[in-house]
Amino acid sequence: MVRPCLLLVVLFPLIQGIAQAYVPGSKRITKVSPQPIINQFAHLSVKDGLSNNSVSCILQDREGFMWFGTNEGLNKYDGNTFTVWQPDPGNPIHSLQNNRITGLCEDHKNRLWVITEGGGLHEVDKKTGLVTPHLIRTTRTHQWNNQLSLYEDSQGVLWISTFAGLARYEPDKHHFKLYPAPQAEVPIKTVFEDRQHRFWVATNRGLYLFDRATGRFTPIPILPIAESQPAFISIYQDAQDVLWLGTATAGYSLFQLDLRHQPWQLVPYNPGGQLNSFVFLNSIHQDAEGIIWVGTTSGLQAIEPVNKRVFTYRPDPTISKGISSNNAQAVYHDRTGMLWVGTDNGIDRQAVTLKPFRTYQVTPNKGHANLPENRVNAVLSDSYNQLWLSNLSTVYRMERGKNSVESISPSTLGSVGQHKNYPCAFLDNGLDGVWLGTTDGIYRFDQASGQYSRFPSEMPAQFLDRAPNGDLWLGAKAVLPVSIHLHTIISTINTTRMRRIHYLIGMYMDSWLVGRATSGSY
């Protein structure tokens, strides 16, 4: 399909993270490399519609929308605008019970769950936006509804970390079961189910293994056993079945727990002492290149596990688009591999694999002038790595290894006198050359001879494509005078005989009406 765009064409290599699904730990680093990413991020803030700049949690749902929990409400981002949910005093039974969003979870049935600081658990209908609170009603209600982290296990059960203990919630039964914290007045920070279905509980004073059948907490202390254990606050399992645990206690930073070897032992991990002691809640993630990312109070930190190299990203006044805050409160990789960082100064985002843009212009233009020759309506890089451009008036070709642009005379493509033939589309023809779609029909460029052959059509060739059997398909947009609906008229040319054209009319009101003019059958 040809769509007009303004001024110039920008070509760039496909970004691997966008072309492929994000698979944490799918690759391992095998060589020393420069820093994983440059300190340059796109920034989103209250100026863009975010309800509050302090972002504590991030989630991408199955439909691809991004959700952000902030100090002033829940935010849904569609890539352009934010939709915000906040407490509604006029409709309290169907709104958030507290503004501070602390955790997000999309369950196996595509339901979105949201927890708050003091307002408990909520279900948000992603289609209607309806909010349904699910408060815990018991003694110490405020502590049970003061919730820190939310997790769905392999059985579809929701586990909520609270200031009073661990809450189990079965959505289909609307039933809570409460497990008081193993130490009185010690909040549960987060939980995690490993690949062997063991259940880990991180608290403000140590790590525990939790038996979901009996409700028993078994401590996993650091050795030698100290009177006070660190506050564990984040858990991640890598491809080698090693747990990475982040702390928020002075003198510590990360720990590793190798699940392959027993007895288990928590091993401190801080290469060169470069990692910050204060890690944010649920802020450890691994990207597709094997880099471990950690959100801390002293910047976003990246670890190369093989080489044990640490990189730290902090605000830099000399960089116009550097990371916006030292407080990397939430770290998230979406399915494309894009890195999202929630801070106390908004959201920073960056594709992990950035490649530079290269600009091609017929007439070099460093300003903002709208030069007609730099307008691009169709573009193709063919099998010979030649770049073809059309601005609906002239076709340009840039050959490999040459910096100059060749202008194809409009008369070569049928523009004579007052008659204008507009080049609309390109299609690669392999080693034979290129097909060009125009308002008068199609042209075939022969790479060997450099000649153009004309094949007229009764309809414009605004779109070009090739069928699996080798037939060439061309199409045009037309608005029928009896309807306001857009119709697409498509025809096919047999590229071996070039004797006749079959016309099809299709795609009207989500239905296909197909006709073959030669037979008259429908």
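Calculation criteria
For every chain, the first residue of the written sequence is number 1, and numbering continues from 1 along that sequence. Only residues with pLDDT of at least 70 are given local features in this predicted model, and only at 80 or more are side-chain atom pairs given and counted; all residues enter the totals for whole chains, interfaces and linings. For the side-chain quantities, the full set of heavy atoms in the structure was used; hydrogens and water were omitted. Helical segments are the DSSP runs of H or I of at least four residues, strand segments are the runs of E of at least two, and each set is numbered from the N terminus. Per-residue accessibility, obtained with a 1.4 Å probe over protein chains only, is compared with the maximum for each type, and a residue is labelled buried under 20%, exposed over 50%, and partly exposed between these values. Contact between two residues is taken to exist if any of their heavy atoms lie within 4.5 Å; hydrogens are not considered. Residue burial considers only the protein chains on display, and all accessible areas are found by Shrake-Rupley using a 1.4 Å probe. Identification of polar contacts relies on pairs of N or O atoms within 3.5 Å, with a donor-acceptor requirement for protein atoms, meaning one able to donate a hydrogen and the other able to accept it, and with residues adjacent in sequence counted only if both atoms are side-chain atoms. Between Lys or Arg on one side and Asp or Glu on the other, a salt bridge is scored when a side-chain nitrogen of the former is within 4 Å of a carboxyl oxygen of the latter. Pairing of aromatic rings covers Phe, Tyr and the six-membered ring of Trp, with a centre-to-centre limit of 6.5 Å; geometry is then stacked below 30 degrees between planes, edge-to-face above 60, and tilted otherwise. Counted as over-ring charges are cases with an Arg CZ or a Lys NZ within 6 Å of the ring centre that also lie within 35 degrees of the ring normal. A pair of strands is considered paired only if DSSP assigns at least 2 bridges between the two. A fitted line through C-alpha atoms serves as each axis, taken over the contacting stretch for helices, and the angle formed by two N-to-C directions is quoted from 0 to 180°. Definition of nonpolar core: a set of buried residues of the types Ala, Val, Leu, Ile, Met, Phe, Trp, Tyr and Cys, connected through side-chain atoms within 4.5 Å.

**Q** Any details on the overall build of the protein? Residues and values, ideally.
**A** Each helix and strand counted, the protein has 2 helices and 42 strands in total. Expressed as a percentage of its 522 residues, the buried residues of the protein come to 48%. Restricting the contact set of the protein to residue pairs at least 6 apart, pairs at least 24 apart contribute 47%. Only carbon and sulfur atoms are counted for the fraction: they give 52% of the accessible area of the protein, which is about 26300 Å².

**Q** Pulling in residues and values, what's your account of unusual backbone geometry?
**A** The amide bond that connects Leu223 to the next residue, Pro224, takes the cis arrangement and shows omega of -5 degrees. Backbone torsion omega between Gln262 and Pro263 reads 5 degrees, so that peptide bond is classified as cis. One can find Pro263 in the loop between strand 21 (254-258) and strand 22 (266-269). Although it is not a glycine, Asn282 adopts a positive phi angle of roughly 50 degrees. Positionally, Asn282 belongs in strand 23 (residues 279-286).

**Q** Break down the environment of Asn39 for me, with residues and values.
**A** Relative to the helices and strands, Asn39 resides in the loop between helix 1 (16-19) and strand 2 (42-44). Along the backbone, Asn39 and Ser320 are 281 residues apart, and their C-alpha atoms lie at a distance of 9.7 Å. In this structure Asn39 touches Tyr313, Arg314, Asp316, Ile319, Lys321, Gly322 and Ile323, once residues within four positions along its chain are discounted. At 3.0 Å, the side chain of Asn39 forms a polar contact with the backbone oxygen of Arg314. Of note is the side chain of Asn39, whose polar atom sits 2.8 Å from the backbone nitrogen of Ile323.

**Q** Pulling in residues and values, what's your account of the pattern of salt bridges?
**A** Enumeration over the complete set of coordinates arrives at 18 salt bridges. Here Asp194 and Arg198 are joined by a salt bridge, their closest N and O atoms 2.8 Å apart. Classification of Asp194 as buried rests on a relative accessible area of 3%. Between Arg195 and Asp241 there is a salt bridge, and its shortest N-O distance comes to 2.6 Å. Of this pair, Arg195 sits in the loop between strand 15 (188-193) and strand 16 (199-203) while Asp241 sits in the loop between strand 19 (232-237) and strand 20 (242-247), and the two are 46 residues apart along the sequence.

**Q** Any chance you could break down the packing of aromatic side chains for me, citing the residues and the numbers?
**A** Tallied over the full model, the rule gives 24 aromatic pairs. Geometrically, the ring pair formed by Trp435 and Phe455 is tilted, given 6.0 Å between the ring centres and 50 degrees between the ring planes. Residue Trp435 is located in strand 36 (residues 433-438), and its partner Phe455 is located in strand 38 (residues 452-456); the two are separated by 20 residues in the primary sequence. Here Trp435 matches Phe455 in class, with each residue buried. Three or more aromatic residues link up through ring pairs in this structure, and these residues are Tyr151, Trp159, Tyr179, Phe192, Phe199, Tyr208, Phe210 and Phe217. Between the NZ or CZ atom of Lys76 and the centre of the ring of Phe65, over which it lies, the distance is 4.1 Å.

**Q** How would you sum up the sheet that holds strand 12 (residues 158-162)? Please name residues and give values.
**A** In spatial order, the strands read 11-12-13-14; together these 4 strands make up an open sheet with antiparallel pairing. Each having just a single partner strand, strand 11 (147-152) and strand 14 (175-180) make up the two edges of the open sheet. The mean angle between the axes of side-by-side strands here comes to 20 degrees, regardless of whether they run parallel or antiparallel. Of the strand pairs in this sheet, strand 11 and strand 12 are connected by 5 bridges, and their pairing is antiparallel. What sits directly across from Ser149, in strand 12, is Ser161.

**Q** How would you explain the environment of Gln286 if you had to name every residue and give the values?
**A** Position of Gln286 relative to the elements: it lies in strand 23. A residue is classified by how much of its surface remains accessible, and Gln286, at 6% relative accessible area, is buried. For the pair Gln286 and Gln237, spaced 49 residues apart in the sequence, the C-alpha separation amounts to 9.1 Å. One polar contact links the side chain of Gln286 to the main-chain carbonyl oxygen of Gly290, over a distance of 3.1 Å.

**Q** Break down the nonpolar core for me, with residues and values.
**A** Core analysis: the largest hydrophobic core is formed by 24 residues, its most contacted members being Ile58, Phe68, Leu74, Leu104, Trp340 and Ile347. Looking at this core, the elements that each hand over two or more residues are strand 3 (55-60), strand 4 (66-70), strand 5 (73-77), strand 6 (82-85), strand 7 (101-106), strand 8 (112-116) and strand 27 (328-333). Broken down by element, the residue count for this core peaks at 4 residues, all from strand 3. Non-local contacts of Trp340, meaning those with residues more than four positions away in its chain, are made with Leu44, Ile58, Met66, Phe68, Tyr77, Ala330, Val331, Tyr332, Asp334, Ile347, Asp348 and Arg349. Counting residues in hydrophobic clusters, the runner-up holds 16 residues, among them Leu209, Leu243, Leu245 and Leu266.

**Q** Lay out the sheet that holds strand 18 (residues 216-220) with the relevant residues and their values.
**A** Strand order in this open sheet of 4 strands is 15-16-17-18, and the pairing throughout is antiparallel. The strands lining the two open edges of the sheet, one partner per strand, are strand 15 and strand 18. For this sheet, the mean angle separating the axes of adjacent strands, direction not counted, is 30 degrees. By the bridge criterion, 5 bridges tie strand 17 (residues 206-211) to strand 18 in an arrangement that is antiparallel.

Coordinates in, geometry out; function isn't part of it.
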